[in-house]
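Residues per chain are reported as follows:
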Amino acid sequence: MNVGELEAVARSLVAPGKGILAADESAPTIEKRFKAIDVPSTEENRRAYRDLLFTTPGVSEFISGVILYDETIRQRAADGTPFTKVLERQGIVPGIKVDEGAKALIGFPGEKIAEGLDGLRGRLPEYRTLGARFAKWRAVIDIGAGIPTRYCIQANAHALARYAALCQEAGLVPIVEPEVLMDGNHTIERCEEVTTEVLSLVYAELTAHRVVLEGTLLKPNMVVSGKGCPDQAGASRVAEATVRTLYRVVPPAVSGIVFLSGGQTPRQATEHLSVMNALGKHPWELSFSYGRALQDPVLKAWKGKAANVPAAKEAFFLRSKLNGAARFGRYSTSMEPAA
Ligand code: 5MM
């Protein structure tokens, strides 16, 4: 393991004004996204969609890295260039999702454990040869009646730490993603309580596994009200609760924090990030690793039609640029195009 190299990659992913595009939708997830715009999830449609994202001119000013899925890291652009090369030529770092999805945690109804540790050590060197310099593993924590249990949090934290240690051994920066879901009626206070417990256990496990924190990034949820909660916290409450939680439990040695959007609207995700950055200087870069918040407007503009590719690229460029502004706390809703 070359610690200096890991830290350099981690820091480049959170360079000022930039963040990550999460384009690592697994086959079932991309099928769901395509279904919403009436596009069949064929291999060529998935390739064409990722092609439009990765060849959007100028986007490297705001996008530092892209998380790919196993199929995508092996695909090529229309001109035959491997996607990893298309990204590298723009100075964008390719990454790879290595978990195999969240599955039922036996004995714990309603809870999940991310799978994929078996054989992971053998899979990582190939991804590095294909061009990946960082990886991602997502654990899912649900809030509900009697959940999450301590056992579920512990089991997921342990798996995240095992994954992170194996990535560092293979020369890949691990993005550690423990996602507390927005689904449910819970209050923002309950989200804060659960997120605090989850992150505390994650850092206890990472430390126990001797993971070098400087060579990692954290991809957390923001602290928000559950989708069905009647009291929907506004941007300043979300920003304050999220930053307070991070200060309490995330060591300053971590190279950066790249939020997931988790079902927030694209505007909300951008505004929340901007307000957090406007609060002042923090011990870590506060950045983004959005999937839906970057891609929803792109999918709506594209609709699977070649004629819509320029408009879809424009939508991706705009969302990336606005999140780039949010990295400096300089986003305002007035920067959004009129509806
Ligand atoms: C892009 O979606 C990623 C893969 O999800 P599945 O394993 O469910 O197919 C997902 O891990 C994503 O990176 C994070 O959830 C962040 O995406 P959002 O849309 O929440 O910003």
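Residues numbered from 1 in each chain as written. Predicted model: local features only at pLDDT ≥ 70, side-chain atom pairs only at ≥ 80, totals over all residues. Heavy atoms only, no water.

**Student:** Can you help me understand the overall build of the protein chain in this one?
**Tutor:** A count of helical and extended segments in the protein chain gives 12 helices and 10 strands. On C-alpha atoms alone, the protein chain measures out to a radius of gyration of 19 Å, which is about the 20 Å that the 2.2 N^0.38 rule sets for 339 residues. Each principal axis of the C-alpha atoms in the protein chain carries an extent, and together these give about 50 × 45 × 40 Å. Residues classed as buried in the protein chain amount to 54% of the 339 residues present. When contacts within the protein chain are restricted to residue pairs at least 6 apart in sequence, long-range pairs at least 24 apart make up 79% of them. By element, 53% of the accessible surface of the protein chain is carried by carbon and sulfur atoms, the whole surface being about 13700 Å². In the protein chain, the 41 positive side-chain charges and the 38 negative ones have mean positions that sit 3 Å from each other. (Helix = DSSP H or I, 4+ residues; strand = E, 2+ residues; numbered from the N terminus. Rg over C-alpha atoms; globule rule 2.2 N^0.38 Å. Buried < 20%, exposed > 50% of the residue type's maximum accessible area, 1.4 Å probe, protein only. Contact = heavy atoms within 4.5 Å. Areas by Shrake-Rupley, 256 points an atom, 1.4 Å probe, with all protein chains shown as cover. Lys, Arg positive; Asp, Glu negative; His and termini not counted. Charge placed at Lys NZ, Arg CZ, Asp CG, Glu CD.)

**Student:** I tried to follow the side chain of histidine 186 on my own but got confused; where do I start?
**Tutor:** Within the secondary structure, histidine 186 sits in the loop between strand E7 (173–180) and helix H8 (188–208). Given the relative accessible area of 9%, histidine 186 is considered buried. Ignoring anything within four residues of it in the chain, the contact list for histidine 186 reads Ile143, Leu181, Cys191, Ser225, Gly226 and Cys229.

**Student:** Would you explain the side chain of arginine 319 in this entry?
**Tutor:** As for its placement among the helices and strands, arginine 319 is situated in helix H12 (residues 309–326). A relative accessible area of 5% means that arginine 319 is categorised as buried. There is a polar contact of 2.9 Å between the side chain of arginine 319 and the side chain of glutamate 336. Contacts of arginine 319, omitting those with residues within four sequence positions, involve Pro266, Arg267, Thr270, Ala293, Leu294, Pro297, Tyr331 and Glu336. (Polar contact = N/O pair within 3.5 Å; in protein donor to acceptor, adjacent residues only side chain to side chain.)

**Student:** Would you explain the site of the ligand in this entry?
**Tutor:** Among the 17 residues in the neighbourhood of the ligand, the closest are listed as Ser26, Thr29, Lys97, Lys136 and Ser261. Within the side chain of glutamate 177, an N or O atom sits 3.4 Å from an oxygen atom of the ligand. In the model, an oxygen atom of the ligand is placed 2.5 Å from a nitrogen or oxygen of the serine 261 side chain. Notes on the ligand: free accessible area 500 Å², of which the protein chains cover 92%. Put simply, the parts of the chain that give the shell around the ligand at least two residues each are strand E6 (134–141) and E7. Class assignment for the residues of the shell around the ligand results in 3 nonpolar, 5 polar and 9 charged. (Near = heavy atom within 4 Å. Nonpolar A, V, L, I, M, F, W, Y, C, P; charged D, E, K, R; others polar.)

**Student:** Before we go on, may I ask you to explain H12 in this structure?
**Tutor:** Each turn of an α-helix holds 3.6 residues, which means side chains three or four residues apart point in the same direction. Between its first and last C-alpha atoms H12 spans 26 Å; for 18 residues at 1.5 Å apiece the expected length is 26 Å, and the two agree. Considered for burial, the residues of H12 that qualify are Ala312, Lys313, Ala315, Phe316, Arg319, Ser320, Leu322, Asn323, Gly324, Ala325 and Ala326. Packed against the buried residues of H12 are strand E1 (19–22), helix H3 (43–54), strand E2 (63–68), helix H10 (266–278), strand E10 (285–290) and helix H11 (292–302). (Expected span 1.5 Å × (residues − 1).)

**Student:** Can you help me understand the pairing of strand E9 (residues 256–259) in this one?
**Tutor:** Two faces, one strand: in a regular strand the side chains alternate between the faces of the sheet. Burial along E9 is two-sided: the face carrying Gly256 and Val258 and the face carrying Ile257 and Phe259 are both buried. Examined bridge by bridge, E9 and E10 share 4 bridges and lie parallel to one another. Among the inter-strand pairings, phenylalanine 259 is bridged to a residue of E10, identified as phenylalanine 288. You can see the chain leave E9, run along H10 and come back into E10, and the turn it takes is right-handed. (Pairing = 2+ DSSP bridges. Right-handed = clockwise from strand over helix to strand, strands pointing away.)

**Student:** What's the story with the pattern of salt bridges in this structure? I'm lost.
**Tutor:** Note on pairing: side chains with opposite charge can pair once their charged atoms come close. According to the stated counting rule, one finds 28 salt bridges in the structure shown. The residue lysine 97 makes a salt bridge to aspartate 99 at a minimum N-O spacing of 3.9 Å. Both residues of the pair, lysine 97 and aspartate 99, belong to the buried class. Within the structure, one salt-bridge network assembled from shared partners comprises Asp24, Lys97, Asp99, Lys136, Arg138, Glu177 and Glu179. (Salt bridge = Lys/Arg side-chain N within 4 Å of Asp/Glu carboxyl O.)

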